[in-house]
Amino acid sequence: MNQDTEPPQADEPLPDAILSQAARWHLASEDDAMAEAMDWDGFTRWLEADPRHRRALDEIALADRLVAEHRAGLWAPPETPFEAAPAAARDVPRPAAMRRWQGGQGGRGWRWAGLAIAASLVAVLAVPRFMGPFGADPAQVYATDAASRQVTLADGSTVLLAPRSRLTVAGRGQEHIALSGGALFDIRHDPGRTLEITAGDLAISDIGTRFDVQAGDDAVRVAVVEGKVDVRAEAMDGPLQLSAGSGLAYDRGARTAVVGPVRSGDVGSWKDGRLTYDNAPLALVAGDLHRYAGVMVDVPPALRERRFSGTLIVDNGDAALRDLVQLMGLRLGGHAGAWRLEQP
């Protein structure tokens, strides 16, 4: 395995303006009423405009969860309205959904959102690098480029972080983890400690098992090899328990969470240069090809939900893409670095 390096700015503090934008997008996507009116295309453009945006969103989500879990140990929210925040945070344009929500009954919706944003920003800005509410060590951040990286936790548990992925580990017992990208978790059994992993909209709880997580912008997949995990999300009716040999495919856009069987030999097969699918949408496959093979391909709206089943060998990205096109009966347009899928 090659020596892994973090991006040059991986440990630099994020600007207040970016954190404020991330907090607003996070709250807009988490609240059902606001999500209905949210500009999802604008959200996607914001994510893609700067690699720091995804990092900020991950850190805001982790901070929000830490604040919710340890609210009793934190100080009370400030009495001054959120509009009295520093100009750097105040001047950031609000997502459209947030502007519409502000006009709710007597402004109570906006006041609630403002206090929630303030709580998230307190965790990020006033407690450096996600230091826990009781003085725990700062979070550790791991990031990969084209090569995977193994991360060993204090208790001996391991996380194999996939290429082009990011892992944030926080908490006194390293019990809070945020993932963007892919990772294979091998967690030591400890009934006295529940590990929680935030991946996209999902929260995954575990006391000791082996499982794989793939977290993209709108979809998260969880596959369990050994043991059991609990999975929950605001959009789900309640928590789900996944046992060995089962997996969950969560799609934010389609508002679906589908549980089904998985073959243990296929779980984490990306580490061996294989990607195996069973009725997966082409948009998801394209995202995986970027992460694991470094190849970029545009999937037009008409093809995004078309389904693929099969195995791709990803040691050569362009070859894997051509295999996909042939298996799906499609045509490959564009050129290396800017491929696009087309109807024949």
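What you see is a predicted model; the values in this text were computed from it and never measured. (Residues numbered from 1 in each chain as written. Predicted model: local features only at pLDDT ≥ 70, side-chain atom pairs only at ≥ 80, totals over all residues. Heavy atoms only, no water.)

Concerning helix H3 (residues 40-49)
Okay, step 1: Listed in full, the buried residues belonging to H3 are Gly42, Phe43, Trp46 and Leu47. The buried side chains of H3 occupy one side of the element, clustering within an arc of 140° when seen end-on. In H3, the exposed residues that point more than 90 degrees away from the buried face are Asp41, Arg45, Glu48 and Ala49. (Buried < 20%, exposed > 50% of the residue type's maximum accessible area, 1.4 Å probe, protein only. Helix = DSSP H or I, 4+ residues; strand = E, 2+ residues; numbered from the N terminus. Arc of directions from axis to C-beta.)

A short note on the pattern of salt bridges
Okay, step 1: Using the criterion set out here, one finds 13 salt bridges in the structure.
Okay, step 2: Between Asp50 and Arg52 there is a salt bridge, with the nearest N and O atoms lying 2.8 Å from each other.
Okay, step 3: Its salt-bridge partner being Glu305, residue Arg307 comes within 3.1 Å of it at the nearest N-O pair.
Okay, step 4: Residue class for Arg307 comes out partly exposed when judged on its relative accessible area of 40%.
Okay, step 5: We classify Glu305 as partly exposed; its relative accessible area is 48%. (Salt bridge = Lys/Arg side-chain N within 4 Å of Asp/Glu carboxyl O.)

Quick look at the sheet that holds strand E17 (residues 331-335)
Okay, step 1: With respect to topology, 3 strands assemble into an open sheet ordered E15-E18-E17, the strand pairing being mixed. At either end of the open sheet lies a strand with only one pairing partner, and these are strand E15 (297-298) and E17.
Okay, step 2: Inspection of the sheet shows E17 paired to strand E18 (residues 338-342) by 5 bridges, in the antiparallel sense. Among the inter-strand pairings, His335 is bridged to a residue of E18, identified as Ala338. (Pairing = 2+ DSSP bridges.)

Quick look at the nonpolar core
One broad rule of soluble globular proteins: the nonpolar side chains tend to lie buried together.
Okay, step 1: Formed by 30 residues in total, the largest nonpolar core has its most connected members in Leu167, Phe185, Leu202 and Phe211.
Okay, step 2: With 4 residues, strand E5 (residues 176-186) is the largest single contributor of residues to this core.
Okay, step 3: Each residue touching Phe185, except ones within four places of it in the same chain, is listed here: Thr158, Val159, Leu167, Ile177, Leu179, Ile197, Thr209, Arg210, Phe211 and Val213.
Okay, step 4: One finds Tyr277, Ala286, Tyr292 and Leu321 within the second-largest nonpolar core, a separate group that totals 28 residues. (Core = buried A, V, L, I, M, F, W, Y, C linked by side-chain atoms within 4.5 Å. Contact = heavy atoms within 4.5 Å.)

What to know about the pairing of strand E13 (residues 256-261)
Okay, step 1: Pairing geometry for strand E12 (residues 246-251) and E13, over 6 bridges, is antiparallel. Bridge assignment links Tyr250 to a residue of E13, and that residue is Ala257.
Okay, step 2: In this structure, the hairpin formed by E12 and E13 is closed by a connection of 4 residues, where Arg255 is found at a positive phi of approximately 55°.

Comments concerning the packing of aromatic side chains
Okay, step 1: Applying the stated criterion across every chain, the model contains 4 aromatic pairs.
Okay, step 2: Each ring, one from Phe185 and one from Phe211, has its centre 5.0 Å from the other, and the planes form 10°; the classification is stacked. Of this pair, Phe185 sits in strand E5 while Phe211 sits in strand E8 (residues 210-215), and the two are 26 residues apart along the sequence. Each member of the pair, Phe185 together with Phe211, is buried. (Phe/Tyr/Trp six-rings, centres within 6.5 Å; stacked < 30°, edge-to-face > 60°.)

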